[in-house]
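# Observations on the three-dimensional arrangement
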Amino acid sequence: MSSSTAKPVFDFTGKVILITGSSSGIGAACARKFAQAGGKVVITGYETDDVISVVAEIEQITGVKPFSKAGNLLEEGFIESLIEGTIKAYGQIDVLVNNAGWISAEDSFESEAFIEQYDKIMGLNLRSALKLMYACKEHLGATKGAIVNTASVCGLNPLEKPIYCASKAALIMATQCAALQLGKLGIRANCVSPGPIATPIGRYVGQPEMMLFDDGRCPETELTILKRNGRPEEVASVVLFLACNEASGYVTGVNYVVDGGYMCH
Ligand SMILES: NC(=O)c1ccc[n+]([C@@H]2O[C@H](COP(=O)([O-])OP(=O)(O)OC[C@H]3O[C@@H](n4cnc5c(N)ncnc54)[C@H](O)[C@@H]3O)[C@@H](O)[C@H]2O)c1
């Protein structure tokens, strides 16, 4: 059964879901699944053409054009205008998925441009997620909502990408702290940590085909028990579970690994 015809397991009818990085890969799969489950999604991402094409897909699923905003989460004022636009379009926020992420070929002790990568990688992978949690807390408190952050197995197990791995390890801890503090407002906060997933993320390191296929183009694929890359939809299913109060209402502060067994090696 294709992802566009799969029967939804969870019900998000009337719920508003803001997903960063929903113009591609895991975030776009989340947007499709939330929309199939009745949710009103916000489509946002850096590349305008990708945003336009996911908006068209969602409109096909729901019959309604979703609110969207292309742009750079690192740009001053973008997060504020994203939230303002979401509230103007939908009136509330029930679920925040901090999923946008970036990797860099220069994130290496062997690169002369190493430390220049810090602000961009940490800025997107950690700071923007923290800022969105902070800026959405009243809206999420009002709906007794949920946060799901996309971390990575790289936050648990080192790769030769020190800044990326550090950003994801910090995001896991920040999510647990958010669970602790925002839990007082009735907000649950959890992480998913994917292993190798077939998405276009390799374009950021000049290898656009690196991870596009199930059969993999990266050494991590061989370290999975299932001997394949995961599909974006296989991460999205877990995101929906963690976002759904009926399914996971007593789950908060966890880091849910979705890695085909990679962490078992
Ligand atoms: N693909 C994997 O193997 C894998 C594994 C573990 C974790 N992850 C994480 O999953 C998340 C999604 O990655 P993906 O694999 O779907 O990659 P992707 O490249 O398909 O998607 C990345 C998304 O982030 C957005 N983005 C990038 N820079 C941005 C910026 N400056 N401002 C706003 N948006 C920006 C892109 O527009 C895109 O929508 C990331 O956080 C990534 O670190 C991916």
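In this report, we go over the structure that sits alongside the text.

What counts and what doesn't
- Residues numbered from 1 in each chain as written.
- Predicted model: local features only at pLDDT ≥ 70, side-chain atom pairs only at ≥ 80, totals over all residues.
- Helix = DSSP H or I, 4+ residues; strand = E, 2+ residues; numbered from the N terminus.
- Rg over C-alpha atoms; globule rule 2.2 N^0.38 Å.
- Buried ≥ 20, exposed ≤ 12 C-beta atoms within 10 Å, placed from the backbone.
- Contact = placed C-beta atoms within 7 Å.
- Near = placed C-beta within 6 Å.
- Nonpolar A, V, L, I, M, F, W, Y, C, P; charged D, E, K, R; others polar.
- Expected span 1.5 Å × (residues − 1).
- Bend = angle between axes of the 7 residues up to and from the residue.
- Axes fitted to C-alpha atoms, helices over the stretch in contact; angles between N-to-C directions.
- Parallel < 35°, antiparallel > 145°, perpendicular 65-115°, else oblique.
- Left-handed = near helix turned anticlockwise from the far one by under 90°.
- Pairing = 2+ DSSP bridges.
- Core = buried A, V, L, I, M, F, W, Y, C linked by C-beta atoms within 7 Å.

### Some remarks on the overall build of the protein
Of regular secondary structure, the protein possesses eight helices and seven strands. Expected size for 265 residues packed as a compact globule is a radius of gyration near 18 Å; at 17 Å, the protein falls within 12% of this value. Along the first, second and third principal axes, the C-alpha set of the protein runs to 50 × 40 × 35 Å. Counting over 265 residues, the protein shows a buried share of 47%. The long-range fraction of contacts in the protein, counting pairs at least 24 apart against all pairs at least 6 apart in sequence, stands at 69%.

### So, the site of the ligand
Residues in close proximity to the ligand total 26 residues, the closest being Gly21, Gly25, Gly45, Gly101 and Thr199. Ranked by the residues each element gives to the shell around the ligand, the list is headed by helix α1 (residues 25-36), at three residues. For the shell around the ligand, the per-class residue count stands at 13 nonpolar, 12 polar and one charged.

### Side note on helix α4 (residues 117-143)
With 27 residues, α4 ought to run about 39 Å at 1.5 Å a step, and its terminal C-alpha atoms sit 37 Å apart, in line with that. Taken as a whole, α4 carries its principal kink of about 55° at lysine 137. Along α4, the residues that are buried comprise Gln117, Ile121, Leu124, Asn125, Leu126, Ser128, Ala129, Leu132, Met133, Cys136, His139 and Leu140. On its buried face, α4 is in contact with α3 (78-90), β4 (95-98), β5 (146-150) and α5 (162-182). Positive phi shows up at lysine 144, right after α4, with a value of about 50°.

### A short note on the packing of α1 against helix α7 (residues 232-243)
Viewed as axis vectors pointing N to C, α1 and α7 meet at an angle of 55°, and their least axial separation amounts to 8 Å. By the angle between their directions, the pair α1 and α7 is classed as oblique. Crossing of α1 over α7 shows right-handed handedness. Where α1 approaches α7, its residues Gly25, Ile26, Ala28, Ala29, Cys30, Lys33 and Phe34 are matched on the opposing element by Pro232, Glu233, Val235, Ala236, Ser237, Val239 and Leu240.

### Observations concerning the packing of α1 against helix α2 (residues 48-62)
Where α1 meets α2, the axes come as close as 9 Å, and the angle between the chain directions of the two elements is 15°. Relative to α2, the element α1 lies roughly parallel. The element α1 and its partner α2 pack so that their crossing is right-handed. For the pair α1 and α2, the contacting residues are Ala28, Ala31, Arg32, Ala35 and Gln36 in the first and Val54, Glu57, Ile58, Ile61 and Thr62 in the second. When grouped by side-chain class, the residues that make up the contact of α1 with α2 number six nonpolar, two polar and two charged.

### As for the sheet that holds β4
The seven strands are arranged β3-β2-β1-β4-β5-β6-β7 in an open sheet whose pairing can be described as parallel. The open sheet has two edge strands with one neighbour each: β3 (67-70) and β7 (255-258). Within the sheet, the average angular offset between the axes of one strand and its neighbour, ignoring direction, is 15°. Looking at chain direction, strand β2 (residues 40-45) and β3 are connected through four bridges and run parallel. By the bridge assignment, threonine 44 is partnered in β3 with lysine 69. Those strands touched by α4 are β4 and β5, and its axis lies near 180° from that of β4.

### Details of the nonpolar core
By size, the foremost hydrophobic cluster in this structure holds 71 residues, and its most contacted members are Ile17, Ala31, Leu96 and Val239. Ranked by residues supplied to this core, first place goes to α4 with eight residues. The contacts of alanine 31, once residues within four sequence positions are left out, are Ile19, Ser22, Val41, Ile43, Val54 and Ile58.

### Observations concerning the pairing of β4
With burial as the criterion, each face of β4 is covered, one bearing Val95 and Val97 and the other bearing Leu96 and Asn98. Here three bridges tie strand β1 (residues 16-19) to β4, and the two strands are oriented parallel to one another. Each bridged residue has a counterpart across the sheet, and for isoleucine 19 the counterpart in β4 is valine 97. Here β4 pairs with β5 via four bridges, running parallel. Directly across from leucine 96, in β5, lies its bridge partner isoleucine 147.

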